[in-house]
Number of protein chains: 2
Amino acid sequence: MTPPPPPATEPGVHAGSAVRRPTLKDVANEAGVHPATASRALNPETRHLVNDETAQRVHRVADSLGYQPNPIARSLKTARSSSIGLVIPDLTNPLFPPIVRGVEDVLGGVGYNAWIVNTDNDPARETAAVESLQNRSVEGFVFATARLHHPLLERLAAIGTPTVLVNRRLAMSDIPSVTGDDAGGVAMAMRHLVDLGHRKIVHLAGPQDLSTGVNRLRAFRQALEDHGLENSPSRLKLCSAWAETAGAKAVTELLDDGVEFTAVLAGNDLLALGCYDALAERGLSCPDDVSVVGFNDMPFVDKLSPPLTTVRIPHYEVGAEAAHLLLERLRAPSRSARSILLPLTLVNRKSTAPPRRL
Amino acid sequence: MTPPPPPATEPGVHAGSAVRRPTLKDVANEAGVHPATASRALNPETRHLVNDETAQRVHRVADSLGYQPNPIARSLKTARSSSIGLVIPDLTNPLFPPIVRGVEDVLGGVGYNAWIVNTDNDPARETAAVESLQNRSVEGFVFATARLHHPLLERLAAIGTPTVLVNRRLAMSDIPSVTGDDAGGVAMAMRHLVDLGHRKIVHLAGPQDLSTGVNRLRAFRQALEDHGLENSPSRLKLCSAWAETAGAKAVTELLDDGVEFTAVLAGNDLLALGCYDALAERGLSCPDDVSVVGFNDMPFVDKLSPPLTTVRIPHYEVGAEAAHLLLERLRAPSRSARSILLPLTLVNRKSTAPPRRL
DNA sequence: CTGAAAGCGCTAACAC
DNA sequence: GTGTTAGCGCTTTCAG
């Protein structure tokens, strides 16, 4: 003799104010139980505390009413928000969207959401963003903005805020991170070049305040040594930014200085792009005159002419793994922090060939 | 005789549980006023209701305590969340990041935030996402996923949910939107081609269930007429997706069918890319044999060979304008809904030239 | 197993 | 101008 269900509201789409959304109390009343019982019945964690029959009734009523728990009220009570902060430099940099999707896809699977903020690499914006996210009670953070020395992240780690880094790491800290195996990637790229017969290889190194920049440079030096190649300082150009212009400038200077090289290992694809520009400007052909390999496998670098050979970083997986790490951390704050190194792959296209000139 | 301020806590960065974050009550106690008064003093909207002296004292105490209002508690009380939902097909499509940043940048300026969800163009995912966002009490939506016929959006509009569309619109509905002026863009592109001397121009039309697809096609036909060009059905290829493969397929079929053309107007850059592929496959050169113009000015299309001439849509501004429209709507729900058409620009690069072959 | 009661932090009537 | 009171919707002791 349950009362007839009320006129079914269109599930999922409620009016701004046309019909008040049902609350837990409504469900409880309708089901003839106390709100606390309804709460227990509806929450998977506590469902076992309530009589199975009652629980089913509550569920039926909830469905028929189109009841949806109010996460805000729940948050206020539990001080948990089912949300995390995802801090990136700039969404329009094609590196980051796959990471974001990786994070969101795994988070979404367990009812979590991410607040995304762009810092444009401005520490002040970053601090403000973190503060604002903390106000919104995020339970943890994923940062793609780590610098080698990063006071904010160090402080966050010190006070135990659940945090996972992606792509980049701090100089010294045990903050869990998910990064590509830069050293491995560089080794692959260098072996590729050496196998092709190249002996004079230059490196366009990225900013040395970021772990990626220093790791790739270090690995380059290691590869030089491993392959018995001369480690001349002239074979190295430090670029102040991961930007096309910086890459072009570096290669132009190399050329102007009369440095001999048949191949260049660019710290990333943007630098490689700049390299293409500078080479073209000097009437040098790629790969006939010089081979170049990039890093990241950005969208459309396969459309360049020649298509860019590059080291692919599994960005989506980076994001997904980071989300897993963070969730794990949130569930069991005690578990020791792990970091993950993801394998990279060389994508061999047309921008590398055996050296023609000495 | 104000009591000495407590030891200053590191502002902005609080421990997970080390020190409890100060609440309004703490501030009120410290300032010797009732929480309600503190609330009024701290809230710009109501600050005028309280004695200026008292208000200043409250502010001082709040600062010294590092007090930050809890948006969750406020939301629960006010039923407003200072957040909106931003629904896009896929963040990894380079079209969308600039839109997202446009939205977030203006929203952030007034204390709003956006929840971003990806639907992968799946209506079921979209419905689920909207529902989940409604649970989170978003105050409104920006949709980049509109189809000509879109029951969900129609329902949302019907019940008065503040909503703004970007890029695409519905067939018939007065939902406010911010889009590029597709008709104008196509007209510019066609005039460009005609001025170059092209008379045989084909159009690779995008999906016809999206407003962009039909608007660009309609404008193409209009341009044919305006310039006195023959409107032969063979000069048109409908593509089932905005994808490179679809573009390649279309052009290949055109070639196979012996259709004569010296220029192609691609519905978007991806289609243009496919066009490049198909042309190359047949040993045809661009722009020597055929000129192509794209649509969108995606990142890196200036790096193709030849660099793609395309119609640029100001995506960032689209997002920014949409945010403004939505905010306005949230402040004054009554104000009549406007839609905005943003001017497009032709980016003339190297992929168009006077026709060589007839 | 279920109900009662309290309270998360804040704001909005309503008094005074 | 300020305090009082109540309550947003939910969870969580604590009793029974």
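Residues numbered from 1 in each chain as written. Chains lettered and ligands numbered in written order. Predicted model: local features only at pLDDT ≥ 70, side-chain atom pairs only at ≥ 80, totals over all residues. Heavy atoms only, no water.

Caption draft 1: Layout of the domain arrangement of chain A. Segmenting chain A into domains produces domain 1 (1-69), domain 2 (81-180 + 315-342) and domain 3 (182-313). Taking only C-alpha atoms, the centre of domain 1 of chain A and the centre of domain 2 of chain A are 36 Å apart. (Domains from an automatic or database assignment.)

Caption draft 2: Inspection of the protein's contact with DNA strand C at higher detail. Every one of the 23 residues lining DNA strand C counts as a neighbour, but A:Thr37, A:Asn51, B:Leu24, B:Tyr67 and B:Arg74 are closest to it. Sugar plus phosphate: this is where 60% of the atoms of DNA strand C within 4 Å of the protein reside. Between DNA strand C and the protein, one listed contact pairs a phosphate oxygen with a backbone N or O atom of A:Asn51 at 2.7 Å. Contacts to DNA strand C include B:Asn70, whose backbone N or O atom sits 3.1 Å from a phosphate oxygen. Elements with a contribution of two residues or more to the surface near DNA strand C: helix H2 (35-42) and helix H4 (71-78) of chain A together with helix H2 (35-42) and helix H4 (71-78) of chain B. Of all the elements, H4(B) adds the most residues to the surface near DNA strand C, at four residues. Along the lines of polarity and charge, the residues of the surface near DNA strand C split into 10 nonpolar, eight polar and five charged. (Near = heavy atom within 4 Å. Polar contact = N/O pair within 3.5 Å; in protein donor to acceptor, adjacent residues only side chain to side chain. Helix = DSSP H or I, 4+ residues; strand = E, 2+ residues; numbered from the N terminus. Nonpolar A, V, L, I, M, F, W, Y, C, P; charged D, E, K, R; others polar.)

Caption draft 3: Seen up close, the protein's contact with DNA strand D. Around DNA strand D lies a shell of 23 residues, among which A:Leu24, A:Tyr67, A:Arg74, B:His34 and B:Thr37 are the nearest. Each atom of DNA strand D within 4 Å of the protein was classed as base or backbone; sugar and phosphate made up 59%. At 2.5 Å, a side-chain N or O of A:Tyr67 approaches a phosphate oxygen of DNA strand D. Contact between DNA strand D and A:Asn70: a phosphate oxygen at 3.1 Å from a main-chain N or O atom of the residue. Put simply, the parts of the chain that give the surface near DNA strand D at least two residues each are H2 and H4 of chain A together with H2 and H4 of chain B. In terms of residue count, the dominant contributor to the surface near DNA strand D is H4(A) (four residues). Of the residues assigned to the surface near DNA strand D, the class counts are 10 nonpolar, eight polar and five charged.

Caption draft 4: Quick peek at the interface of chain B and chain A. Taken together, the contacts link 57 residues of chain B with 57 residues of chain A. Viewed at the interface, chain A and chain B are joined by eight salt bridges. A:Glu244 is paired through a salt bridge with B:Lys303; the nearest N and O atoms lie 2.5 Å apart. In this structure, the connection of chain B to chain A is made through 20 residue pairs in polar contact (both at pLDDT 80 or more). Among the secondary structure elements, those contributing two or more residues to the side of chain B that touches chain A are H4, helix H5 (96-109), strand E2 (113-118), helix H6 (123-135), helix H7 (151-158) and helix H11 (269-281) of chain B. When residues of the side of chain B that touches chain A are assigned to their parent elements, the largest contribution, six residues, is made by H5(B). Among the residues making up the side of chain B that touches chain A, the classes are represented as 25 nonpolar, 18 polar and 14 charged. (Contact = heavy atoms within 4.5 Å. Salt bridge = Lys/Arg side-chain N within 4 Å of Asp/Glu carboxyl O.)

Caption draft 5: Expanded view of the environment of A:Arg349. Residue and element names in this part refer to chain A. Structurally, Arg349 can be placed in the segment after strand E12 (345-347). In this structure the C-alpha to C-alpha distance between Arg349 and Met190, which are 159 residues apart in sequence, comes to 15 Å. Residue contacts for Arg349: discarding those within four places in its chain leaves Asp297, Val301, Asp302, Pro307, Leu308, Thr309 and Thr310.

Caption draft 6: A look at the pattern of salt bridges. Applying the stated criterion across every chain yields a total of 36 salt bridges over all chains. As a salt-bridge pair, A:Asp26 and A:Arg20 come within 3.2 Å of each other at their nearest N and O atoms. For the salt bridge of A:Arg101 with B:Asp120, the shortest nitrogen-to-oxygen distance reads 2.7 Å. Taken together, the positions of A:Arg101 in helix H5 (residues 96-109) and B:Asp120 in the loop between E2 and H6 put the pair across two chains. According to the relative accessible area criterion, B:Asp120 is partly exposed, its value standing at 36%. The network of salt bridges with shared partners includes A:Asp90, A:Asp120, A:Arg125, B:Arg101 and B:Asp105. (Buried < 20%, exposed > 50% of the residue type's maximum accessible area, 1.4 Å probe, protein only.)

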